[in-house]
Amino acid sequence: MTQGDDPVLETRELSLHYGPVRALAEVDLRVPGRRITAVIGPSGCGKTTLLRCFNRMNDAYPKVRVSGRVFVEGVDVTTSEVDLESLRKRVGMVFQKSNPFPMSIRRNVTFGPRMSGVRDPARLAEIAEHSLRLADLWAEVSHRLDESALDLSGGQQQRLCIARALANEPDILLLDEPASSLDPISTAKIEDTLVRLKERYTIVIVTHNLQQAARVADFTAFLMAGRLVEFGATARMFTNPREKLSEDYITGRFG
Ligand SMILES: Nc1ncnc2c1ncn2[C@@H]1O[C@H](COP(=O)(O)OP(=O)(O)OP(=O)(O)O)[C@@H](O)[C@H]1O
Ligand SMILES: [Mg+2]
């Protein structure tokens, strides 16, 4: 992040417990806008938990205790006044296992807008085309929009989930290992899509694939045991990590 830029996402002394288990410990992170930030670290280090803090998805789990603050575009979203529906529209999320709804491709993409009351078929068609184009899926599905989304390939389903998130016109897109179950070609398509999208969106991607982080991410955050060990420009972090722990992880000594 260049000096003086306000972060789009920020945590301050963010800690989170699931009952007795501490999943995040005093995380101070500043995520710059219109860039891709990768979150890396060993299994169970808190990556998914951290993503879920940005749109309050952790609220869904029992016995969660959060302390510290989380800012989205400068607004503290840990307070009770936050409108969760509008927060989750602004902060879209795509999961590791693609989860298209059991309905047509068209109805999947237009789901969010229809839920928020858009009824005009022409407007819905426009949103569907625009979102599918953004997710680089339009050419593959434009002739079969009324077929079931479940008949798409795994990679297409994941791009459909990206399109569905984009149809809500979010500012921020969180992706939790979006390509981990995909073949290299589908993975490359997702990566290309993300790189194009960063012109307009702030993107945070959790990945176990360090090459993927190196290919797509401008910045990388390395978490271990719930702590943010290091954050910085990806190129610098991968060639010249400041922390011994980051170096050991990046060079494959553990994880
Ligand atoms: N809903 C939950 N209830 C209780 N404990 C949880 C819950 N979700 C996560 N945890 C615990 O919190 C810690 C962090 O989990 P999290 O899922 O954030 O890790 P992660 O870095 O995403 O791991 P992975 O790379 O395996 O996806 C782990 O110890 C995990 O067991
Ligand atoms: Mg996870």
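In case you missed it, the structure is sitting above this.
In this report, we go over the structure that sits alongside the text. (Residues numbered from 1 in each chain as written. Chains lettered and ligands numbered in written order. Predicted model: local features only at pLDDT ≥ 70, side-chain atom pairs only at ≥ 80, totals over all residues.)

1. Overview of the environment of His130
Tracing the sequence through the fold places His130 in helix H5 (residues 121-134). Given 16 C-beta atoms within a 10 Å radius, His130 is considered partly exposed. Along the backbone, His130 and Leu166 are 36 residues apart, and their C-alpha atoms lie at a distance of 9.1 Å. (Helix = DSSP H or I, 4+ residues; strand = E, 2+ residues; numbered from the N terminus. Buried ≥ 20, exposed ≤ 12 C-beta atoms within 10 Å, placed from the backbone.)

2. Some points on the environment of Leu124
Here Leu124 is to be found in helix H5. Taking the C-beta count within 10 Å as the criterion, Leu124 has 18 such neighbours and is therefore assigned partly exposed. When neighbours within four sequence positions are excluded, Leu124 is seen to be in contact with Thr110, Pro113, Arg114 and Val118. (Contact = placed C-beta atoms within 7 Å.)

3. Here's the deal with the sheet that holds strand S6 (residues 91-94)
Pairing is mixed across the open sheet formed by six strands, whose spatial order is S6-S7-S8-S3-S9-S10. At either margin of the open sheet sits one strand with a lone partner, and together these are S6 and strand S10 (227-233). Strand-to-strand twist across the sheet, computed as the mean angle between neighbouring axes with direction ignored, equals 15 degrees. Across four bridges, the pairing between S6 and strand S7 (residues 172-176) is parallel. Considered in S7, the bridge of Val91 is made with Ile172. (Pairing = 2+ DSSP bridges. Axes fitted to C-alpha atoms, helices over the stretch in contact; angles between N-to-C directions.)

Purely geometric stuff here, so don't read any function into it on its own.
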